[in-house]
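Examining the three-dimensional arrangement
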Amino acid sequence: MPFLKAVPFGLQHILAMFVSNLTPISIIAGSAMPGLSQAEMAILLQNAMFVAGIATLIQLYPVWKVGSRLPVVMGVSFTFVTVLSTVAANYGYPSVMGAVLIGGIFEGTLGLLAKYWRRIITPIVAASVVTAIGLSLFSVGIRSFGGGYVEDFGSVQNLALGMITLLVCLCWNIFVKGYLKQLSVLAGLIVGYVVAVFMGKVDMSIIFSGGFVSLPHILPYLPEFHAGAIFSVCIIFLVSAAETIGDTSALVSGGLNREIEGHEISGSLACDGYASCISGLFGCPPVTSFSQNVGLVAMTKVVNRFTIMTGAVCMILAGLLPPIGNFFSSMPQAVLGGCTIMMFGTILTSGVEMISKCGFTQRNIIIVSLSLSCGVGLTTASEQEIWHVFPQIIQDIFAGNVVAVVFVIAVFLSLVLPQNMEIKTIQE
């Protein structure tokens, strides 16, 4: 793709995930005892942007067997927020780095050995996980639409901003022709940002704070290693691996219209793990594939790796040039919500399409229906008390994670149910 065409598509991907890439660090670092200073937080946020760009490049252009050669955008994972917040509070932030380093090696090695266990991730299991990811993201989209975790959540200003962004995306899809039609999300983000500036929802003063050039800081703390922290984080890496399999399967299905291949799963998981090691060296939580961008690929059908690479370069520049990073991070959540609501819906529809391709056999219907009903029901906020009889680590892994529950149940049913379960029609 020509450079001038590629850049807008790359920017579209970065704008869709940028704030979400920074939020987990803010939460985890805020839980650390002793607490981190504003200067230390700024270093970690800068490192997160740099690391996300490097991880995306590895995913696009593999190093040996590490990387999938798929248009996957990587960023700091939300999946680890709960467990790493607990680790930071109990052991201090350096122990977060130690646990991420060991956990990353664990998942990366698991990815390289995927050919030995790949068969348990059958197409119907992957389809169930993709559908669960779509369902789990709906509340995230609505939270952003209302303004995010702010005091004026759901205010008239935030709702108007989200609605304007959504309408621009829809109108752009309806009236614009040619390849420009695929830039509907970027158009919505630009218009929404301009409107937000006039509404006073953007603090322009922060864009040029922090200087113009700043190199990333490797090993901002000396890692510490605690067995309990490492064990807990390794368990969550398994959950992250399930999400990565679902994300990459959805991307291949929605963007390339085919089933994912074994070496692609192996490469994506290896990148997930070993890139998380790099992230840990820079003091950041693990990185993983971003579902927002999977939805964007499903919407636009743009799977050109050079295009995504231009976005990865923008992330690296944002980690080196604070004004660029500050500009991206100043995007109001309501503007992002106006775009992501539609994108998250496309992940769910990709999952339904994958289920349809697997076929509605009696066996597949049982796997999908039972895993989704348990996954959604058991992780609904109002019903999470049902987990109180289990150990705390089980609650941390499953109580609020629909993807983890769906993955475990779908794999179990896929292994134990007989292959032929069709009900014969009884004729008189």
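Heads up: these notes are all about the structure in this document. All values reported here derive from a predicted model rather than from experimental measurement.

What follows deals with empty space enclosed by the protein. Here the structure, examined in full by the defined rule, presents one cavity of 30 Å³ or more. Here the largest cavity is characterised by a volume of approximately 70 Å³. Considering the residues around the largest cavity, the lining is formed by Ala16, Ser20, Val140, Gly141, Ser144, Gln292, Gln333, Leu336, Thr340 and Phe344. Considering every element that reaches the lining of the largest cavity, the biggest residue donor is helix α13 (residues 333-358), with four residues. Classifying every residue of the lining of the largest cavity gives four nonpolar, six polar and no charged.

The subject of this paragraph is the pattern of salt bridges. A complete count under the given rule lists three salt bridges for this structure. Notably, a salt bridge pairs Lys201 with Asp152, separated by 2.9 Å at the nearest N-O pair. Of this pair, Lys201 sits in the loop between α7 (184-198) and α8 (227-256) while Asp152 sits in the loop between α5 (123-145) and α6 (156-175), placing them 49 residues apart in sequence. According to the relative accessible area criterion, Lys201 is partly exposed, its value standing at 24%. Arg258 serves as the salt-bridge partner of Glu261, at 4.0 Å between the closest nitrogen and oxygen. Given the relative accessible area of 39%, Glu261 is considered partly exposed. The network of salt bridges with common partners includes Arg258, Glu261 and Glu264.

All right, on to the side chain of Ser95 then. Tracing the backbone shows Ser95 in helix α4 (residues 93-112). At 2.5 Å, the side chain of Ser95 forms a polar contact with the backbone oxygen of Gly92.

Turning our attention to the nonpolar core. If you look at the biggest cluster of nonpolar residues, it comprises 124 residues, and the most contacted ones within it are Leu36, Leu84, Tyr93, Ile121, Leu189 and Met331. No other element matches the 13 residues that α8 contributes to this core. Contacts of Leu36, omitting those with residues within four sequence positions, involve Ala29, Met41, Leu44, Tyr93 and Tyr221.

Conventions and cut-offs
- Each chain has its residues counted from 1, following the order in which its sequence is written.
- Per-residue local features of the predicted model are confined to residues with pLDDT of at least 70, and side-chain atom pairs are confined, for both listing and counting, to 80 or more; whole-chain, interface and lining totals are unaffected and use all residues.
- Each side-chain value is worked out from all heavy atoms of the structure, with water and hydrogens disregarded.
- Whether a set of points on the 1 Å grid over the protein atoms alone is a cavity depends on a 1.4 Å probe fitting there but being unable to get out, while an open set qualifies as a pocket with protein on both sides within 12 Å along at least five of seven lines; lining residues are those with an atom within 4 Å of a point.
- Grid points are joined across faces, edges and corners, and a volume is the space filled by probe spheres set on the points.
- Runs of E in the DSSP output that reach at least two residues are strands. Runs of H or I that reach at least four are helices, and both are numbered from the N terminus.
- When residues are grouped by polarity, Ala, Val, Leu, Ile, Met, Phe, Trp, Tyr, Cys and Pro land in nonpolar, Asp, Glu, Lys and Arg in charged, and all others, Gly among them, in polar.
- In the sections that follow, a salt bridge refers to a side-chain nitrogen of Lys or Arg positioned within 4 Å of a carboxyl oxygen of Asp or Glu.
- Three exposure classes are used, based on accessible area relative to the maximum for each residue type with a 1.4 Å probe and protein chains only: buried under 20%, partly exposed in between, and exposed over 50%.
- Whenever two N or O atoms come within 3.5 Å, that pair is a polar contact, provided that in protein one can donate a hydrogen and the other can accept it, and provided that, for residues adjacent in sequence, both atoms are side-chain atoms.
- For the purposes of this section, nonpolar cores are sets of buried Ala, Val, Leu, Ile, Met, Phe, Trp, Tyr and Cys residues that join through side-chain atoms within 4.5 Å.
- For this analysis, residues touch if any pair of their heavy atoms sits within 4.5 Å.

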